[in-house]
Amino acid sequence: MFVTKMTFNQSSLFGQVEDLQDLSFIERPIRRSLKTAEEIEKLTVDEDLNDIERAVYLLSSGQDVQRASVIINLPNLVRQNPAETFRRVVPKVREVLHVAGADMQLAAAGSFLTVLQDDIVLIQTHTHSILQIVLLNLDHRDTVLSNAWLETLLSAIDALPKETIRQEILSPLVSKAQLSQSVQARLASCRILGKVACKFESPVVKKDLLPLVRSLCQDVEYEVRSCMCRQLENIARGIGLDYTKAAVLPELVELSRDEGSTVRLAAFDTIINLLEMFDSDDRTRVIFPLVKTFCEKCFKADEAVLATLSFQYGKLCHGLSASFTDEQHLWFLEFYKKLCVLGLQHENDHLDIQAYPLELETKYALVRRNCAYNFPAMLLFVDLNHFLTELYPTFSSLCHDPEITVRRTVAEGFHEVVKLLCPNVHFIHKELVVLLQDDSLEVRRTLLQHTLKKYIIIFSNTVLQVNIPDLVPALVAAEQKAATSLRWRVHERLLQRYACLPRVISADQIYFLFLQRMFTIITTNNVLPVQREATRTLCMFLRYNRKQEQRQEIICKVLQELASGRSYWNRLRYLDLCEIAMELFSKDYFCKHFLIQALELVNDPVANVRYKLCHMLPRLRSTIRMPADKHLLQQLEFCVRKLLCREKDKDVVATVRKVREGGVRVGGWEPGGRGGSKVREGGVRVGGWEAGGRGGSKVRAGGIRVGGWEAGGRGGSKVDGWIFWNLQIRLSCASLC
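Just so it is clear, the model here is predicted, and its values are computed rather than measured.

Cut-offs used in this document
- Throughout this description, residue numbers start from 1 for each chain and increase along the sequence as written.
- Totals for whole chains, interfaces and linings use every residue, but because this is a predicted model, local features are given only for residues with pLDDT of at least 70 and side-chain atom pairs only at 80 or more, for both listing and counting.
- Think of the side-chain values as coming from all heavy atoms in the structure, minus any hydrogens and water.
- The way it works is that DSSP assigns letters per residue, a run of H or I at least four long becomes a helix, a run of E at least two long becomes a strand, and they are numbered from the N terminus.
- Burial status follows relative accessibility: with a 1.4 Å probe on protein chains alone, a residue under 20% of its type maximum counts as buried, one over 50% as exposed, and anything between as partly exposed.
- Whether two residues are in contact is decided by their heavy atoms: any pair within 4.5 Å suffices.
- Here the open area of atoms and residues is found with the Shrake-Rupley method and a 1.4 Å probe, where only the protein chains shown may cover a residue.
- UniProt positions are given in the numbering used here, feature names are shortened, and annotations may be inferred rather than shown by experiment.
- A helix's residues, less one, multiplied by 1.5 Å, set its expected span.
- The term polar contact refers here to a pair of N or O atoms within 3.5 Å; inside protein, the definition further demands a hydrogen-donor-capable atom paired with an acceptor-capable atom, and it admits residues adjacent in sequence only when both atoms are side-chain atoms.
- Angles here are taken between N-to-C directions and fall from 0 to 180 degrees, while the axes themselves are lines fitted to C-alpha atoms, restricted in helices to the stretch in contact.
- The labels follow the angle: roughly parallel below 35 degrees, roughly antiparallel above 145, roughly perpendicular from 65 to 115, and oblique for the rest.
- Put simply, a crossing is left-handed when the front helix is turned counterclockwise from the back one by less than a right angle, and right-handed when it is turned clockwise.
- In this classification, Asp, Glu, Lys and Arg are treated as charged, Ala, Val, Leu, Ile, Met, Phe, Trp, Tyr, Cys and Pro as nonpolar, and every other residue, Gly included, as polar.
- The predictor reports its confidence for every residue as pLDDT, a score running from 0 up to 100.
- Cysteine sulfur atoms are paired as a disulfide whenever they come within 2.5 Å of each other.
- Each nonpolar core is a collection of buried residues, namely Ala, Val, Leu, Ile, Met, Phe, Trp, Tyr and Cys, held together in the definition by side-chain atoms within 4.5 Å.
- Only rings of Phe, Tyr and Trp enter the pairing, Trp through its six-membered ring, and a pair is recorded when the two centres are within 6.5 Å. The plane angle decides the type: under 30 degrees is stacked, over 60 is edge-to-face, the rest tilted.
- Whenever a carboxyl oxygen of Asp or Glu lies within 4 Å of a side-chain nitrogen of Lys or Arg, that contact is scored as a salt bridge.

## Here's the deal with the overall build of the protein chain
Next, step 1: Each helix and strand counted, the protein chain has 38 helices and two strands in total.
Next, step 2: Scored against the burial criterion, the 737 residues of the protein chain give a buried share of 47%.
Next, step 3: Pairs at least 24 residues apart make up 66% of the contacts formed inside the protein chain by residues separated by at least 6 positions.
Next, step 4: Working note: accessible area of the protein chain is about 37700 Å², and carbon and sulfur atoms make up 52% of it.

This is the structure in structure tokens:
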């Protein structure tokens, strides 16, 4: 059977090979090089030519890739030889650009911008020649290239002097802004006007630019009117407060009533951006009726503009709040409430999406999302004392919105609401619990990232303490959902926030509801960052637990499940816990409860555990205080001797030797000194003079210098603890071996 099967496969294979042979006619010869000899010959340039001559030759007779290279290198040529470059190279570039492709056009736009901005053009005629090329290409048929040249010109205006702008840019601008020019040319004129307005004094702007501005604001094309309307902000800042009211505000009022929705929207945005330039009388008599009419019209028949209106609404209310009467204030607040529930209906005490076409439903969801984004601004708009009566129902509806994007936006700004409501943060505790239990992982992730820690800290510091029993099950449920998801970073971040729980939750609740869960995560979770964060949180729970019986039980469980765990992974986590414990607890507490079990891992059968222990030896040594902890020091020395003499794993041996021979300073404190006196900073001392002795006496111990501190000198001067310890270990290890 086996032979038959092989025969069948072989025949099938040979049949496939014959089929492939029939396709031999499509074979092509394989080129041994990227370029043929003929192509290389065409690309070769005489080496005797200088940079200017080579650039002229390549622009005249070279291929496109060579021409593009010259254009890209144009700023360097200008720096090296500006006179010859503008006399010979730039005219050639201008000729090439008439027939150049898109890539070469974009490269030229970038090179000319560099030349204009780098102050390497020293003569006015040179600037004139470059600006002529830029202005000429503004009328390019390709819209992408035309916009690229326009951006080049707009960026260059900042670096050009006023007189150059007046002669080279404003003079041709008058003709380009006429109705006889293309729409593209008039759009470019609008942007140029907005850019140059800030370069001149108010009288110049009023005399030379305002007539063109008025003409473009009344253009027959709505695109031009909209573009010019958005530049009115720059025009207003250019002419100043005095002329803005008389010249710019009437244009904005007229444009806000335009038949085109994009024009009205541009006028609305510009008005909001210029609110600080209008006095209280203008805001009350002109701006408020204008904005009110705009809002009502959009709400009834212009859903496309509602999204932008809702996005700017917080800024609008904040800017006008000082000029509002009570009636006007109430109107804007009620309109905001309507926007927050747009497209929703109340059914059985909860919100549901009404049946709308998909496109309209998406627009309404975006409006509510923008309202959620603006909620902190609206909280400032309303007196905080009236939050419960005026804005709390609206905030609650946003937190229960059926759209995930709306709830996520609420979660993003929740910490801002917490800060503003302090010390009445308990008002929104229910909404925090709702978002913690949200079905969307994105909502919970956002809330954990920005809010939970700050909420707990502020809540714990408030004078009015409120019972929060519903927070515990919400946190437990949130952790379980995060653990079952594939987003381990969300789980890690939640465990980070758990470290703040002792501020607001009793020790008994933490002990009975969270501690066992931390042990489960440490011993069963497959993600290392999550395990380490659970280990840190466990240490935080232990630190802030004031009940001695519970603390002792926690330590016993740590030693049983981690230090003596069956899995080497658990024993590694015990060493992680020791590193964290050295940061959080005192040295005496660590030595009493954790150090001996850590040193016992020198006998661990897994090399990875011993390897990690070797890296921790300097830090473990720093926790030992002499002479009280002499027995611990002896046990540590025994562990090192054992590793040096009996260890078989090469990585472990290399690590312990590196630690032993490095002369590592341990934590900045000498283990053998009185009260933990400071160790000399700088590592192993090469010289033989006593750093702290009198008269600079020599230090030796059996003919061997041991650092910069005397072992048995007068006045009880001290030995560098780590170096002397290394010496002891070497001598002991030699006798042991």
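## Let's talk about the UniProt feature "repeat: HEAT" (unreviewed entry) in the protein chain
Next, step 1: UniProt records the feature "repeat: HEAT" (unreviewed entry) for residues 209-246, 248-285 and 391-425 in the present numbering.
Next, step 2: Here residues 209-246 runs as 87% helix and 0% strand, with 15 Å between its end C-alpha atoms.
Next, step 3: Between the C-alpha atoms that bound residues 248-285 there is a distance of 16 Å. The span itself is 71% helix and 0% strand.

## Things to note about helix H9 (residues 143-157)
Next, step 1: Here H9 is 15 residues long and its end C-alpha atoms lie 21 Å apart, about the 21 Å a rise of 1.5 Å per residue gives.
Next, step 2: Looking at H9, one finds that the buried residues are Leu 145, Ser 146, Ala 148, Trp 149, Leu 150, Thr 152, Leu 153, Leu 154, Ala 156 and Ile 157.
Next, step 3: The N-cap of H9, judged by a side-chain oxygen 2.9 Å from the amide nitrogen of Val 144 a few residues on, is Asp 142.

## As for the packing of helix H3 (residues 51-61) against helix H4 (residues 64-72)
Any two packed helices are characterised by the angle at which their axes cross and by the distance between the axes.
Next, step 1: Axis separation between H3 and H4 bottoms out at 8 Å; the angle between their running directions is 140 degrees. Taken together, the axis directions place H3 and H4 in an arrangement best described as oblique. The handedness of the crossing between H3 and H4 is left-handed. Contact residues: H3 offers Ala 55, Leu 58, Leu 59 and Ser 60, while H4 offers Gln 66, Arg 67, Val 70 and Ile 71.
Next, step 2: Its residues placed into classes, the contact of H3 with H4 shows five nonpolar, two polar and one charged.

## Concerning the confidence of the model for the protein chain
Next, step 1: Per-chain confidence: the protein chain averages 80 in pLDDT, with 79% of residues scoring 70 or above.
Next, step 2: Note that pLDDT drops below 50 for residues 663-725; the model gives that stretch 104 contacts with residues more than four away or on any other chain.
Next, step 3: When the criterion is pLDDT under 50, residues 729-737 qualifies, and its contacts beyond four places in sequence or with other chains add up to twelve contacts.

## Quick notes on the packing of H9 against helix H11 (residues 183-196)
Next, step 1: Packing of H9 against H11 brings their axes to within 10 Å, and their N-to-C directions diverge by 15 degrees. Between H9 and H11, the angle falls in the class roughly parallel. Classified by chirality, the crossing of H11 by H9 is right-handed. Across the interface between the two elements, Thr 143, Ser 146, Leu 150, Glu 151, Leu 153, Leu 154 and Ile 157 from H9 touch Gln 184, Ala 188, Arg 191, Ile 192, Lys 195 and Val 196 from H11.
Next, step 2: In the contact of H9 with H11, the residues fall into seven nonpolar, three polar and three charged.

## Some details on the side chain of Gln 66
Next, step 1: For Gln 66, the position within the fold is in helix H4.
Next, step 2: When its relative accessible area of 12% is taken as the criterion, Gln 66 is described as buried.

## Here we look at the environment of Gly 260
Next, step 1: Tracing the backbone through its elements, the reader meets Gly 260 in the loop between helix H14 (232-255) and helix H15 (261-273).
Next, step 2: Here the alpha-carbon distance between Gly 260 and Tyr 222, two residues 38 residues apart in the chain, equals 6.4 Å.

## A short note on the state of the cysteines
Next, step 1: Enumeration over the complete set of coordinates arrives at zero disulfides.
Next, step 2: Cys 190 carries a free sulfur, and the closest cysteine sulfur to it, the one in Cys 227, is 4.5 Å from it.
Next, step 3: The class of Cys 190 is buried, set by a relative accessible area of 0%.

## So, the nonpolar core
Next, step 1: In this structure, Ile 192, Tyr 313, Tyr 574 and Phe 594 are the most contacted members of the largest nonpolar core, which totals 207 residues.
Next, step 2: Ranked by the residues each element gives to this core, the list is headed by H14, at ten residues.
Next, step 3: Beyond its immediate chain neighbours, meaning those up to four positions away, Phe 594 contacts Leu 542, Ile 555, Val 558, Tyr 574, Leu 577, Cys 578, Ala 581 and Tyr 589.

## Some thoughts on the packing of aromatic side chains
Next, step 1: Scanning the entire structure with this criterion turns up 24 aromatic pairs.
Next, step 2: Each ring, one from Phe 268 and one from Phe 294, has its centre 4.6 Å from the other, and the planes form 15 degrees; the classification is stacked. One end of the pair, Phe 268, is in helix H15; the other, Phe 294, is in helix H16 (residues 280-301), and 26 residues separate them in sequence.
Next, step 3: Relative to Phe 512, the ring of Tyr 511 has its centre 5.1 Å away and its plane inclined at 90 degrees; by these criteria the two rings are edge-to-face.

## Describing the pattern of salt bridges
Next, step 1: Applying the stated criterion across every chain yields a total of 35 salt bridges.
Next, step 2: Note that Glu 442 is salt-bridged to Arg 445, the shortest N-O span being 2.9 Å. Linking Glu 442 with Arg 445, this pair stays in helix H25 (residues 441-450), spanning three residues, or about one helical turn.
Next, step 3: For Glu 442, a relative accessible area of 22% gives the class partly exposed.

## Overview of unusual backbone geometry
Next, step 1: In the segment running from Met 626 into Pro 627, the intervening peptide bond is cis, with an omega of 5 degrees.
Next, step 2: Relative to the helices and strands, Pro 627 is located in the loop between helix H35 (607-622) and helix H36 (630-646).

## What to know about the side chain of Glu 479
Next, step 1: Structurally, Glu 479 can be placed in helix H27 (residues 471-484).
Next, step 2: A relative accessible area of 2% means that Glu 479 is categorised as buried.
Next, step 3: One polar contact links Glu 479 to His 491, side chain to side chain, over a distance of 2.6 Å.
Next, step 4: For Glu 479, the residues in contact, after removing those within four places along its chain, are His 491, Leu 494, Leu 495, Tyr 498, Arg 517 and Ile 521.

## Let's talk about the environment of Val 56
Next, step 1: Structurally, Val 56 is set in helix H3.
Next, step 2: Sequence separation of Val 56 and Pro 91 is 35 residues, and the distance between their C-alpha atoms is 9.6 Å.
Next, step 3: For Val 56, the contacting residues outside a window of four places in its chain are Arg 88, Val 89 and Lys 92.

## Notes on the environment of Arg 141
Next, step 1: Along the polypeptide, Arg 141 turns up in the loop between helix H8 (124-137) and H9.
Next, step 2: Through-space distance from the C-alpha of Arg 141 to that of Gln 184 is 9.5 Å; in sequence the pair is 43 residues apart.

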